[in-house]
Amino acid sequence: MKRTIILKNFRIVDENVNMLGSVIVEDGIIREVFPGSADFSDSGLSNKELDGFLDSARIIIDGGEGADKWGLSLLPALTDIHAHFRDPGFPEKENLESAALAAVAGGYGTVVCMANTDPVIDAPEAAAALKLRSDALGLIDLYPAMALTTGMAGKELSGITRLQPADSGQKAAWPGQRPRRPPLILSEDGKDISDDALLLRAFQEAKRLGLPVSCHCDEGGETKATARVIELGKKAGCHVHIAHVSTKEAVALIRGAKAEAGNAESGFTLTCEASPHHLVLTDETARMLGEETWGKVNPPLRPEADRQALLGALLDGTIDAIATDHAPHSNSDKKKGAPGFSGLETAFSICLTELVSEEGLSLSRLSSLLSASPSRILGLGDRGRIAPGYRADFFITDTDSFWQVDPANMKTRGKNSPFTGRDVRGRILMTIHRGRIVYEAPALK
Ligand code: DOR
Ligand code: ZN
């Protein structure tokens with residue numbers, strides 16, 4: 001018998017849809033999405049079909065209290081193309097379990113974790129093993145990024161030379177594409193590779209594999225480092241993804257290069273991400289929190305003019321995705337100057353509050369930036385939308401409700417949130433992964 005769940009009376013929002021309606025899920029895949037009321041009179045389904053679904057439904061989740069009160073929103077689960085899970089090697093900061101719990105509490109269904117662990121994820125077997133351990137938890141779909149060089153030492157290419165192209169023997173269907181094997185993205189995140197010839201060879205491997213390379217652009221300043229990876233990416237004809245863009249100069253460079261890349265024959269593709277903290281906070285916050293401690297992050301929080309440029313780039317489509325760069329640290333490491341912020345449990349609410357309510361970004365566009373668009377960068381065409389055939393990965397939120405950011409209530413071991421004490425909108429009430437409830441918010445006191 002099929003495992004059916006019905007989600008009725010929701011505001012359904014994805015990058016293309018914003019409507020009142022209901023969803024029928026079968027065996028972890030969206031079967032039907034239709035507008036209209038609780039009695040399914042607008043569903044277009046025959047009574048027989050509807051009775052079939054209602055009879056077999058294990059769970060019915062009701063987002064409203066009658067046809068005229070549509071309280072709750074249903075959105076596709078979020079995809080984070082950039083997070084640090086610290087596993088293996090740094091359990092005092094985070095591990096696979098605590099990170100996955102934080103992810104689902106934040107509405108995430110798919111996450112890329114970076115390779116700067118101990119040992120470094122620099123072999124295909126290590127990436128596959130980490131994914132297997134995560135799959136066994138059944139909370140999220142984890143895709144470990146693989147480092148470009150052995151031990152992230154910047155000396156020689158890592159096990160990426162042993163990878164086979166992800167698409168070999170596996171034609172991608174859209175939607176309904178089967179999950180691909182890891183890695184889906186390569187990255188030396190946290191470091192630049194100084195040697196041009198070595199970075200070019202890494203880009204050529206990425207081109208052979210058809211995988212994007214997420215580039216941390218820091219050495220010699222963000223502008224220079226960004227220009228350099230764009231140059232080398234053009235040479236290799238690969239997909240360069242710029243991580244955590246933070247300056248107005250880098251934004252301008254990327255905007256220009258994207259216009260060129262649009263008709264590049266080489267296969268050169270350019271995408272980029274920005275992080276909630278760079279979109280919302282400035283160097284003033286860093287000073288307030290302590291520039292060398294709780295306010296420290298790489299790249300650093302920038303002046304307001306940079307933030308304004310990021311907002312412009314978000315609105316004009318230069319920025320493709322919002323990524324958390326979730327970087328949990330223990331309190332003692334933060335006090336000693338470890339850079340980074342915890343981000344998985346605040347990203348959606350911070351963006352909803354500061355970008356949708358304050359800056360006029362539409363909720364559909366926010367959904368795209370946090371879900372469908374990063375999924376596409378990873379080649380995951382089977383998620384990020386609420387439409388028949390897509391994965392039943394959702395989260396439920398009340399966009400009118402407020403909650404206060406308090407790390408004491410967070411699942412992550414890294415209590416280093418720069419948003420502590422803020423009142424934000426849109427608590428995550430429930431997260432559904434492949435048609436199963438993996439998170440329910442505790443009742444409010
Ligand atoms: O602030 C940061 N923290 N930026 C990075 O690029 C790395 C990260 C970390 O691993 O802690
Ligand atoms: Zn990072």
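Structure first, text after, so check above.
Residues numbered from 1 in each chain as written. Chains lettered and ligands numbered in written order. Predicted model: local features only at pLDDT ≥ 70, side-chain atom pairs only at ≥ 80, totals over all residues. Heavy atoms only, no water.

### Thoughts on the overall build of the chain
Keep this limit in mind: Working definition: helices are DSSP H or I runs of at least four residues, strands are E runs of at least two. Numbering for both runs from the N terminus. It is over C-alpha atoms that the radius of gyration is taken, and the globule rule equals 2.2 Å times the number of residues to the power 0.38. Any two residues whose heavy atoms approach within 4.5 Å are treated as being in contact. By the counting rule applied here, Lys and Arg register as positive and Asp and Glu as negative, while His and the ends of each chain are not counted. Charge placement uses NZ in Lys and CZ in Arg. For Asp and Glu, CG and CD serve respectively.
Of the regular secondary structure elements, the chain holds 12 helices and 16 strands. Computed over its C-alpha atoms, the radius of gyration of the chain comes to 21 Å, within 12% of the 22 Å expected for a compact globule of 445 residues. With the C-alpha coordinates of the chain rotated into their principal frame, the extents come out at 65 × 55 × 40 Å. At a minimum sequence separation of 6, the contacts of the chain that also span at least 24 residues come to 75%. Of the side chains in the chain, 50 bear a positive and 60 a negative charge, and the two mean positions are spaced by 3 Å.

### Here we look at the sheet that holds strand 7 (residues 108-113)
The test is simple: Between any two strands, at least two bridges found by DSSP are needed for them to pair. Angles run from 0 to 180 degrees between N-to-C directions of axes, and those axes are lines fitted to C-alpha atoms, restricted for helices to the stretch in contact.
With respect to topology, three strands assemble into an open sheet ordered 6-7-8, the strand pairing being parallel. Unpaired on one side and paired on the other, strand 6 (78-83) and strand 8 (141-144) mark the two borders of the sheet. Adjacent strand axes in the sheet meet at a mean angle of 15° when their direction is disregarded. Relative to strand 7, strand 6 runs parallel, the two sharing four bridges. Residue pairing for strand 7: alanine 83 is matched across the bridge by cysteine 113. The sheet strands contacting helix 12 (residues 363-377) are strand 6 and strand 7, and the helix crosses strand 6 at an angle near 55°.

### Details of the coordination of the zinc ion (ligand 2)
Counted only if it meets this: Counted as coordinating are nitrogen, oxygen and sulfur atoms within 2.8 Å of the metal, or 3.2 Å for Na, K and Ca, while water is not included, which may make sites look incomplete. In these descriptions, tetrahedral denotes four donors with every angle between 85 and 135 degrees, square planar four donors and octahedral six donors with opposite donors over 155 degrees apart and the rest between 65 and 115, and irregular any other case. Residue burial is assigned from relative accessible area. The probe radius is 1.4 Å, only protein chains are included, and a residue is buried under 20% of its type maximum, exposed over 50%, and partly exposed in between.
The protein atoms donating to the zinc ion (ligand 2) are His82 (NE2), His84 (NE2), Asp189 (OD) and Asp325 (OD), with metal-donor distances spanning 2.0 to 2.3 Å. Given four donor atoms and angles of 82 to 170° at the metal, the environment of the zinc ion (ligand 2) is assigned as irregular. Summarised as a motif, the one-chain spacing of the donors to the zinc ion (ligand 2) is H-x1-H-x104-D-x135-D. For histidine 84, a relative accessible area of 4% translates into the label buried.

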